[in-house]
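# Analysis of the macromolecular model
One letter stands for each residue in the lines below.
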Amino acid sequence: MSAPGRSQALVPEPVRGEGAAMNTAWHGRGRRLAIHEVGPRDGLQAEAAFVPTAEKIRLIDALSLTGVARIEVTAFVSPRAVPALADAEPVMRGIRRQPGVVYSALVPNLRGAERAIDAGADELNLVMSASESHNLANLRMTCAQSFQALGEVVALARQARVPVSISLSCSFGCPIEGDAGAARVPDWCARFVDTLGVQRLTLCDTTGMAYPTQVHALTGATLQRWPQAELTLHFHNTRGMGLANILAAIDAGATRLDSALGGLGGCPYAPGATGNVCTEDIVHALALMGFDTGCDLAALLSVARRLPALVGHPFPGQLVSAGRRLDLRPAGRAAPPFAGSPSTQETP
Ligand code: COA
Ligand code: ZN
């Protein structure tokens, strides 16, 4: 981790995490990180059972009150490709927006962009893959065709004055073709930033193939080449490296992270894809380390506890069952998993 700043006077207050931990280079020193909640899109897109529209809206409305900076509400994709999000319009139109929260939508092509703009998305999150094989499986286009489609979408969005971001799937490896596409990530970023003029980029680790040194190198190089870019990192915890990758990205300068409540998620067209990094788990860890995510952990936990009823199965996130670090338990043998009752403790 890079050395902390020398001027203690510049350290914002309050800072979480105390004592000797303050003096380590790993301490966040109150640095602000933006959490982008992608659960309603990435989390729900792979669910076998359709989550009713009203329940999706209730989930997003609750997430709107947790302090996350952005919520990816849904995807305006073919309802045949992703039946779970076939209700994109009523969801986008039905949510209660909170000031300061950006409500984005995933868009693969011009048709999706028209639908998303019409439904009132604040931001279009365009998607293509760094991997030819994954792009063909997911979007039924070559990467070149996808790039052409993104160009058309960017032009339309500019006319409509709707901001765009671009998410590049399989930026850290592809389960079908390995690292071939990942090697082309800087070229794609150059085309997005320098050719299309898009400053908001998300590098996605679609199937949890990223590892910390790789993340550090790519994040650092991207931010160095385009310091003006708003770079987001999107990790899946498929191989247990999610939090390590986040810390590597932060150390390389990242300040924006995608995550999904409960650790739900995964691309239905990427073999072996499993959940995103879990929002409440990473918010807890980052707060302990002295970062400011702006999120209310108790509020996130209370929404996360409702997930099993919503999706009909347990979820990968660990904090709801383990409890926060200082959610203490009575002594005894083999205590059952922590029930997740709200704690009176202030620290996460
Ligand atoms: N929204 C709704 N319908 C769409 C659409 C969109 N954005 N884009 C295309 N369609 C419809 C067409 O109107 C056509 O409908 P019809 O058969 O009733 O005439 C049908 O889908 C096929 O259109 P086509 O252009 O041939 O698309 P395709 O079958 O080659 O599929 C995508 C291309 C991009 C639409 C599709 O692969 C897709 O939606 N993928 C998204 C996958 C995803 O979300 N993955 C997870 C996130 S990374
Ligand atoms: Zn994802």
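This text gives an overview of the structure that appears in the document. (Residues numbered from 1 in each chain as written. Chains lettered and ligands numbered in written order. Predicted model: local features only at pLDDT ≥ 70, side-chain atom pairs only at ≥ 80, totals over all residues.)

### Comments concerning the overall build of the chain
The following threshold applies: Where helices and strands are cited, they refer to DSSP runs of H or I of at least four residues and of E of at least two residues respectively, numbered from the N terminus. To sort residues by exposure, count the other C-beta atoms lying within 10 Å of each residue's C-beta; 20 or more gives buried, 12 or fewer gives exposed, and values between give partly exposed, all with C-beta atoms placed from the backbone. By the convention adopted here, residues make contact when the C-beta atoms placed from their backbones lie within 7 Å.
For the chain, the count of helices and strands is 13 helices and eight strands. Sorting the 348 residues of the chain into buried and exposed places 47% on the buried side. Taking the contacts inside the chain whose residues are at least 6 apart along the sequence as the reference set, 70% of them involve residues at least 24 apart.

### Quick notes on the site of ligand 1
The line we're drawing: Any residue qualifies as near a molecule or strand once its backbone-derived C-beta atom lies within 6 Å of it. Ten residues, namely Ala, Val, Leu, Ile, Met, Phe, Trp, Tyr, Cys and Pro, are considered nonpolar, four, namely Asp, Glu, Lys and Arg, are considered charged, and the remaining ones, Gly among them, are considered polar.
Near ligand 1 you find 20 residues, and of these Val77, Ser78, Ala81, Gly112 and Arg140 are the closest. Broken down by element, the shell around ligand 1 gets its largest block of residues, three residues, from helix α4 (residues 110-119). Tallied by class, the residues present in the shell around ligand 1 amount to eleven nonpolar, six polar and three charged.

### Some words on the sheet that holds strand β5 (residues 164-169)
Definition in use: A pair of strands is labelled paired if DSSP reports no fewer than 2 bridges between them. For helices, the fitted axis covers only the stretch in contact; all axes are lines through C-alpha atoms, and the angles between them, taken along N-to-C directions, range from 0 to 180 degrees.
The strand order β1-β2-β3-β4-β5-β6-β7-β8 describes a closed barrel built from eight strands, whose pairing is parallel. Averaged over all pairs of adjacent strands, the angle between their axes in this sheet comes to 25 degrees, without regard to strand direction. Summarising the sheet, strand β7 (residues 230-235) and strand β8 (residues 256-259) pair through three bridges and their orientation is parallel. Residue histidine 234 lies in a different strand from β8, and its bridge partner there is aspartate 258.

### Concerning the nonpolar core
For clarity, the cut-off: Here, a nonpolar core means buried Ala, Val, Leu, Ile, Met, Phe, Trp, Tyr and Cys residues linked by C-beta atoms lying within 7 Å of one another.
Formed by 92 residues in total, the largest nonpolar core has its most connected members in Ala105, Val107, Leu124 and Val153. It is helix α6 (residues 143-160) that provides the largest number of residues to this core, a total of six residues. With near-sequence residues (within four places) excluded, valine 153 lies in contact with Val107, Asn109, Leu110, Ala113, Leu124, Leu126 and Val164.

### Regarding helix α2 (residues 53-63)
We count it as follows: In this description, the arc belongs to the directions extending from the helix axis to the C-beta atoms.
Along α2, the residues that are buried comprise Lys56, Ile57, Leu59, Ile60 and Leu63. Angular distribution of buried residues about the axis of α2 spans 160 degrees; they occupy a single face of the element. Buried residues in α2 make contact with β1 (34-37), α1 (39-43), β2 (70-75), α3 (88-94), α11 (297-304) and α12 (307-311).

### Some points on the pairing of β8
To keep things clear, this is the line we draw: Seen with its strands pointing away from the viewer, a crossover is right-handed when the path leading from the first strand over the helix to the second is clockwise.
Residue alternation in β8 divides its side chains into two sets, Arg256 and Asp258 and Leu257 and Ser259, and both sets are buried. As judged from the four bridges shared by β1 and β8, these two strands associate in the parallel manner. Considered in β8, the bridge of isoleucine 35 is made with leucine 257. Running through helix α9 (residues 242-251), the crossover from β7 to the neighbouring parallel element β8 is right-handed.

### A short note on the packing of helix α8 (residues 212-225) against α9
Using the following cut-off: The cut-offs work like this: below 35 degrees is roughly parallel, past 145 is roughly antiparallel, 65 to 115 is roughly perpendicular, and the gaps in between are oblique. The hand of a helix crossing depends on one turn: near helix anticlockwise from the far one by less than a right angle means left-handed, and clockwise means right-handed.
One way to put it is that α8 packs onto α9 with a least axis distance of 8 Å and a crossing angle of 30 degrees. In terms of their interaxial angle, α8 and α9 are classed as roughly parallel. Here the hand of the crossing between α8 and α9 comes out right-handed. Between α8 and α9, the contacting residues are Pro212, Val215, His216 and Thr219 on the first element and Ala244, Asn245, Ala248, Ala249 and Asp251 on the second. Taken together, the residues that form the contact of α8 with α9 break down as five nonpolar, three polar and one charged.

### Things to note about the environment of arginine 239
If you trace the backbone, arginine 239 turns up in the loop between β7 and α9. On the basis of neighbour counts, which here come to 15 C-beta atoms within 10 Å, the residue arginine 239 falls in the partly exposed class. Distance in space between the C-alpha atoms of arginine 239 and methionine 209 is 7.2 Å, their sequence separation being 30 residues.

### Regarding α4
If you check which residues of α4 are buried, you get Gly112, Ala113, Ala116 and Ile117. Down the axis of α4, the buried side of the element spans an arc of 130 degrees, and every buried residue falls inside it. For α4, the elements touching its buried residues are β3 (102-107), β4 (123-129) and α6. Backbone geometry just after α4 places glycine 120 at a positive phi near 95 degrees.

### Things to note about the packing of α4 against α6
α6 packs onto α4 with a crossing angle of 25 degrees between their chain directions and a minimal axis gap of 9 Å. Viewed along their axes, α4 and α6 adopt a mutual orientation that is roughly parallel. α6 is crossed by α4, and the crossing has right-handed handedness. Every residue of α6 that contacts α4 at Leu110, Ala113 and Ile117 is listed here: Ala149, Glu152, Val153, Leu156, Ala157 and Ala160. In the contact of α4 with α6, the residues fall into eight nonpolar, no polar and one charged.

Function cannot be read off these values alone, since they describe shape.
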